[in-house]
Amino acid sequence: MIDFKAEVLKIKDQMIDDIKMLCAIPSTQDDSTVAEFAPYGAANRRALDAMLEIGRRDGFEVQDVDGHAGHIDIGTGDETFGILGHLDVVPVNKVGWDSDPFEVITKEGKLYGRGVADDKGPLMAGYYAAKIINSLNIPTKMKTRVIFGCNEELGSNCVKYYFTKMPYPKMGFTPDAAFPVVYGEKAGCGFEITGHVEKGGLIYLCAGSRPNIVPETCEAVIEGNYKQYTESYKKFLNTNNLTGDIEEEGNHTKLILKGKSAHASTPEEGINAVVYLCKYLATVVDNKVVDFVLEYLDDCHGKKLGIDHTGLMGPLTLNLGVISYYKEEVKIVLDLRCPHDMDFDAMVTKFKHACANYEFRETHDLGKALYIDPNSKLITNLHEAYVSVTGDTVNKPQAIGGGTYAKSMPNCVAFGAEFLGEDNLIHGNNENIKIDSLLKATEIYCHALYNLIKAD
């Protein structure tokens, strides 16, 4: 048997150098710099060019699909195996990082930087695994096509466009979730709630930039001098083990509350700053926005809305990701992850009823769930590769709440790169990945490709 661990160690330094180079590009979508062949902004275009150049450097055929996505073809074969990863990243918080998020550092055996775990580091693990298989001159029935897009964090329009121009691989995986292999992904559903609300003492309330992130900071401006609120607000923060600030804002008072960010697929791991600030605001203002949040959105599983459901994929999750209240107009954006076996029509009806109670309007977008037979060839071979490297025979293929590129093509699943018991702080401050784990993931991907693409 090939010693893939030894092969991975040979490419360790170059892979880390490539990750550092890619992560130095702040590839957050910037609509102000959109241009021809740069549909997601200049920085994302730079990241795409950098990845394409890596493929050219290594002697492989590359293709740019109008700036939406690109691919690198490695090896030979009548059919194609796909490895799909993304080059775009979520925004960074202005405070909370211990180092420059776009200058990767190594500390205590970990790489720190935005994108090292989501998803530039894992993408490079998949790419280098394909390079290793190719370098060993193993006869293959499928070539490997490493596909990379620039809009995953905002809807994956990149690969949707890509697959209007390019054929689907026969099968594939995306290294953009966790081990063991993921056979199911919940449906991502979005709700936007709007309406007119009289102030009742609340002038402004704002939090969140993306619905798929638990908002870490929430700000509000309320009527009245800050001195009258200082004691009660500090007491509230202390009681709830939270931090925040209270400031004078003209003739009024500005409140800032700090929670904890997390991915919307696991909102229970965060502390939603909106919900907690509303708990305090309810004691000092009379505003329907505050009342609505506390009546219906003060839990992560939709129990207060009456939409909670636990299915084969686990429980429904709900994240209040964005809120804006200004000049008596409110907008609330929610991110839900829903098991495939729930009643979606009933969920929409419950939302409409809750909104009607407050004379709010709602619009929604119901996504599709992904489910692939856990006994399929793809799942069993990927899981076998995971077991062969880790020795873990206890943990089985799983379903998750996160949405990945796996939904963009048939016969594709998420596979790694986060290991059980590790927290890479994806979407949070100080995002990181253990170097040993990155190398282990690369070794697993080598085994997986060997199992699936070698000639019979």
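None of these values were measured; they are calculated from a predicted model.

The rules behind the values
Residues numbered from 1 in each chain as written. Predicted model: local features only at pLDDT ≥ 70, side-chain atom pairs only at ≥ 80, totals over all residues. Heavy atoms only, no water. Buried < 20%, exposed > 50% of the residue type's maximum accessible area, 1.4 Å probe, protein only. Helix = DSSP H or I, 4+ residues; strand = E, 2+ residues; numbered from the N terminus. Pairing = 2+ DSSP bridges. Core = buried A, V, L, I, M, F, W, Y, C linked by side-chain atoms within 4.5 Å. Contact = heavy atoms within 4.5 Å. Axes fitted to C-alpha atoms, helices over the stretch in contact; angles between N-to-C directions. Domains from an automatic or database assignment. Buried area = accessible area lost by both parts, 1.4 Å probe. Phe/Tyr/Trp six-rings, centres within 6.5 Å; stacked < 30°, edge-to-face > 60°. Lys NZ or Arg CZ within 6 Å of the ring centre and 35° of its normal. Parallel < 35°, antiparallel > 145°, perpendicular 65-115°, else oblique. Left-handed = near helix turned anticlockwise from the far one by under 90°. Nonpolar A, V, L, I, M, F, W, Y, C, P; charged D, E, K, R; others polar.

A. Molecular detail of the pairing of strand β17 (residues 317-326). A large share of β17 lies buried, amounting to eight of its 10 residues. In the sheet, strand β11 (residues 202-207) pairs with β17 via four bridges, with the strands oriented antiparallel. By the bridge assignment, Ala207 is partnered in β17 with Ile323. Bridge count for β17 against strand β18 (residues 329-338) is nine bridges, and the pairing is antiparallel.

B. The arrangement of the nonpolar core in detail. Core analysis: the biggest nonpolar cluster contains 83 residues, and Met51, Phe81, Tyr127 and Phe415 have the highest contact counts within it. Considering each element in turn, this core owes the most residues, 12 residues, to helix α10 (residues 435-453). Setting aside anything within four residues of it in sequence, one finds Met51 in contact with Leu22, Ile72, Leu87, Leu123, Met124, Tyr127 and Phe148. Counting residues in hydrophobic clusters, the runner-up holds 55 residues, among them Ala220, Val293, Leu294 and Ile332.

C. Just the sheet that holds strand β5 (residues 110-112), in detail. A sheet is described by the order of its strands in space; here three strands give the open sequence β4-β5-β24, paired in antiparallel fashion. In the strand order of this sheet, the two ends are held by β4 (105-107) and β24 (432-434), each with one partner. Here the strands of the sheet are splayed against their neighbours by 25 degrees on average, with no regard to which way each runs. Where β5 meets β24, three bridges bridge the pair, whose relative direction is antiparallel. Each residue of the ladder has a partner; that of Leu111, found in β24, is Ile433. Contacting β4, β5 and β24, α10 crosses the sheet at an angle of about 70 degrees to β24.

D. Representation of the domain arrangement of the protein. When the domains of the protein are assigned, the result is domain 1 (4-185 + 370-453) and domain 2 (187-366). Just the C-alpha atoms count here: the centres of domain 1 and domain 2 sit 33 Å apart. With 20 residues of domain 1 at the interface, the matching set in domain 2 holds 13 residues. Taken together, the two surfaces of domain 1 and domain 2 that pack against each other cover about 1,300 Å², and 50% of this comes from carbon and sulfur. Contact with domain 2 buries area across many residues of domain 1, yet Pro91, Gly401 and His427 alone supply 31% of it, more than any other trio.

E. Representation of the packing of aromatic side chains. If you walk through the whole model with that rule in mind, you get 23 aromatic pairs. Residues Tyr127 and Tyr128 carry aromatic rings whose centres are separated by 5.5 Å and whose planes lie at 90 degrees to one another, so their mutual orientation is edge-to-face. Judged by centre distance (5.6 Å) and plane angle (80 degrees), the rings of Phe173 and Phe415 are edge-to-face. With Phe173 in strand β7 (residues 171-174) and Phe415 in the loop between β22 (412-414) and β23 (417-418), this residue pair connects regions lying 242 residues apart in the sequence. Taken individually, Phe173 and Phe415 each receive the classification buried, so the pair is uniform in this respect. Clustering of aromatic rings is evident, with ring pairs tying together Phe81, Phe173, Phe179, Tyr386, Phe415, Phe419 and Tyr445. Over the ring of Tyr276 we find Lys279; its NZ or CZ atom is 4.5 Å from the centre of that ring.

F. Structural context of the packing of helix α6 (residues 273-281) against helix α7 (residues 288-296). As a packed pair, α6 and α7 sit with axes 9 Å apart at the nearest point and diverge in direction by 120 degrees. One finds that α6 runs oblique with respect to α7. Of the two elements, α6 crosses α7, and the hand of that crossing is left-handed. Touching Val275, Cys278, Lys279 and Leu281 of α6 are Val290, Val293 and Leu294, all from α7. Residue composition of the contact of α6 with α7, grouped by class: six nonpolar, no polar and one charged.

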